[in-house]
Amino acid sequence: MHGSINMLGLAKRVKAKILQASTSEVYGHPEVHSLEESYWGRVNPIGPRSCYDEGKRCAETLFLDYRRQHNLSIKVARIFNTYGPRMQAHDGRVVSNFIVQALTGRPISIFGDGKQTRSFCYVGNPVEFTIMELAETIIEPIGSKSSIEFKPLPMDDPRQRQPGIGRARDTLGWSPSVQPREGLSKTIVYFDNLLRKQCDGAA
Ligand code: UDP
């Protein structure tokens, strides 16, 4: 958040445009389905993931305040579960975890019952998957022998998440061009090459 204030101050001084890479986490545990920009969100302010969620919410507030008060040219993009080639293999996100587990034949770690949903964004996508469906969509094309292993659901893990992209489509003329199967297959190829290089390096 301090970083945001510093960057907003800099943008104001040099009269630059500034974009905040915000997150779908600002919506928390939504009571509505298909998340529109107008929805205010439902975030637990004192839970284990609150510092991230509230930090991003507070940064959004600052961005909008700087626009109101200093007429700064700001943009806020709420990014939903992005994935694709060049993501980190071990940062703990679900797509990279499942692909690396499937490629190496290790058990697929499903937190909770796997019925929670996310909409995975290869730079933007409203198609919603349960985590169980995601696991199946990754295991199948790889032909992996990985088993499925259920683990406890982390606290405050949102149950359902899908972006409403109507406004982006109407005002920016944007719609997703890469569908999940294609995006996942590119990501699988990326991780397959990465793991092979690591094996060659170790040999
Ligand atoms: N998840 C899972 N297994 C994993 C990593 C994540 O089942 O190895 C679940 C997690 O509980 C959540 C979803 O996948 O419901 C997306 O998790 P991620 O950390 O990638 O993103 P976020 O929770 O921030 O949407």
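Keep in mind it's a predicted model, so treat the numbers as computed, not measured.

Novice: Quick rundown of the nonpolar core? Include the residues and the values.
Specialist: Judged by nonpolar contacts, the single largest core of 22 residues is most densely connected at Y83, V95, F98, I108, F120, L134 and I138. For this core, the secondary structure elements donating two or more residues are α3 (94-104), β3 (108-111), α4 (131-142) and α6 (180-202). Ignoring anything within four residues of it in the chain, the contact list for I108 reads F98, Q101, A102, A135, I139, S146, S147, I148 and E149.

Novice: Can you tell me about helix α1 (residues 2-14), naming the residues and giving the values?
Specialist: Its 13 residues give α1 an end-to-end C-alpha distance of 18 Å, which sits within 8% of 18 Å, the value for a rise of 1.5 Å per residue. For α1, the complete set of buried residues consists of S4, L8, G9 and A11. Along the axis of α1, the buried positions cluster into a sector of 165°, meaning they face one direction only. Exposed residues pointing more than 90 degrees away from the buried face of α1 are listed as H2, N6, R13 and V14.

Novice: Before we move on, can you summarise the packing of α4 against α6 with the specific residues and values?
Specialist: Interaxial distance between α4 and α6 falls to 11 Å at its minimum, and their mutual angle equals 60°. With respect to α6, the axis of α4 lies oblique. Note on packing geometry: the crossing formed by α4 with α6 is right-handed. Two secondary-structure elements touch here, α4 through L134, T137, I138, P141 and I142 and α6 through R181, L184 and I188. Here the contact of α4 with α6 is built from residues that sort into six nonpolar, one polar and one charged.

Novice: Before we move on, could you go through the packing of aromatic side chains and cite the residues and values that matter?
Specialist: Here the structure, examined in full by the defined rule, presents five aromatic pairs. Relative to F80, the ring of Y27 has its centre 6.2 Å away and its plane inclined at 40°; by these criteria the two rings are tilted. In this pair, Y27 sits in the loop between β1 (18-23) and α2 (50-70) while F80 sits in the loop between β2 (74-79) and α3, placing the two residues 53 residues apart along the sequence. The exposure class of Y27 is buried, given its relative accessible area of 3%. Taken together, a centroid distance of 5.2 Å and an interplanar angle of 70° make the contact between Y190 and F191 edge-to-face.

Novice: Residues and numbers for the UniProt feature "domain: NAD-dependent epimerase/dehydratase" (unreviewed entry) in the protein, please.
Specialist: The positions that UniProt labels "domain: NAD-dependent epimerase/dehydratase" (unreviewed entry) are, in the present scheme, residues 2-132. Note that residues 2-132 is 36% helix and 17% strand, and that its end C-alpha atoms are spaced 38 Å apart.

Novice: Pulling in residues and values, what's your account of the side chain of S119?
Specialist: As for its position among the elements, S119 is in strand β4 (residues 117-119). Looking at S119, its side chain comes within polar contact range of the main-chain oxygen of R161, at 2.9 Å. Excluding its chain neighbours within four sequence positions, the residues that come into contact with S119 are F80, N81, N125, P126, V127, E128, R161, Q162 and P163.

Novice: Please set out the packing of α1 against α2 residue by residue, giving values where relevant.
Specialist: Relative to each other, α1 and α2 sit at 25°, their axes nearing to 10 Å. By the angle between their axes, α1 is roughly parallel relative to α2. In the crossing of α1 with α2, the sense of the turn from one axis to the other is right-handed. Each of S4, I5, L8, G9 and K12 in α1 lies in contact with α2, whose residues at this interface are A59, L62, F63, Y66 and H70. Among the residues forming the contact of α1 with α2, the class breakdown is six nonpolar, three polar and one charged.

Novice: Before we move on, can you summarise a nonpolar patch on the surface with the specific residues and values?
Specialist: Residues M7, L10 and V14 make up a contiguous nonpolar surface patch of roughly 260 Å² in combined accessible area. Mapped onto the elements, L10 comes out in helix α1.

Novice: So what's going on with the site of the ligand? Residues and values would help.
Specialist: Near the ligand there are 17 residues, and of these N97, S109, F111, R118 and D157 occur at the shortest range. At 3.1 Å from an oxygen atom of the ligand is found a side-chain nitrogen or oxygen belonging to E25. For the ligand, an oxygen atom lies 2.8 Å from a polar atom in the backbone of V94. Coverage of the ligand by the protein amounts to 89% of the 520 Å² it exposes when considered alone. In the shell around the ligand, the residues fall into six nonpolar, five polar and six charged.

How each quantity is defined
- Residues numbered from 1 in each chain as written.
- Predicted model: local features only at pLDDT ≥ 70, side-chain atom pairs only at ≥ 80, totals over all residues.
- Heavy atoms only, no water.
- Core = buried A, V, L, I, M, F, W, Y, C linked by side-chain atoms within 4.5 Å.
- Buried < 20%, exposed > 50% of the residue type's maximum accessible area, 1.4 Å probe, protein only.
- Helix = DSSP H or I, 4+ residues; strand = E, 2+ residues; numbered from the N terminus.
- Contact = heavy atoms within 4.5 Å.
- Expected span 1.5 Å × (residues − 1).
- Arc of directions from axis to C-beta.
- Axes fitted to C-alpha atoms, helices over the stretch in contact; angles between N-to-C directions.
- Parallel < 35°, antiparallel > 145°, perpendicular 65-115°, else oblique.
- Left-handed = near helix turned anticlockwise from the far one by under 90°.
- Nonpolar A, V, L, I, M, F, W, Y, C, P; charged D, E, K, R; others polar.
- Phe/Tyr/Trp six-rings, centres within 6.5 Å; stacked < 30°, edge-to-face > 60°.
- UniProt positions renumbered as here; feature names shortened; annotations may be inferred.
- Polar contact = N/O pair within 3.5 Å; in protein donor to acceptor, adjacent residues only side chain to side chain.
- Patch = residues over 30% accessible without salt bridge, like charges linked within 9 Å, V, L, I, M, F, W, Y side chains within 5 Å.
- Areas by Shrake-Rupley, 256 points an atom, 1.4 Å probe, with all protein chains shown as cover.
- Salt bridge = Lys/Arg side-chain N within 4 Å of Asp/Glu carboxyl O.
- Near = heavy atom within 4 Å.

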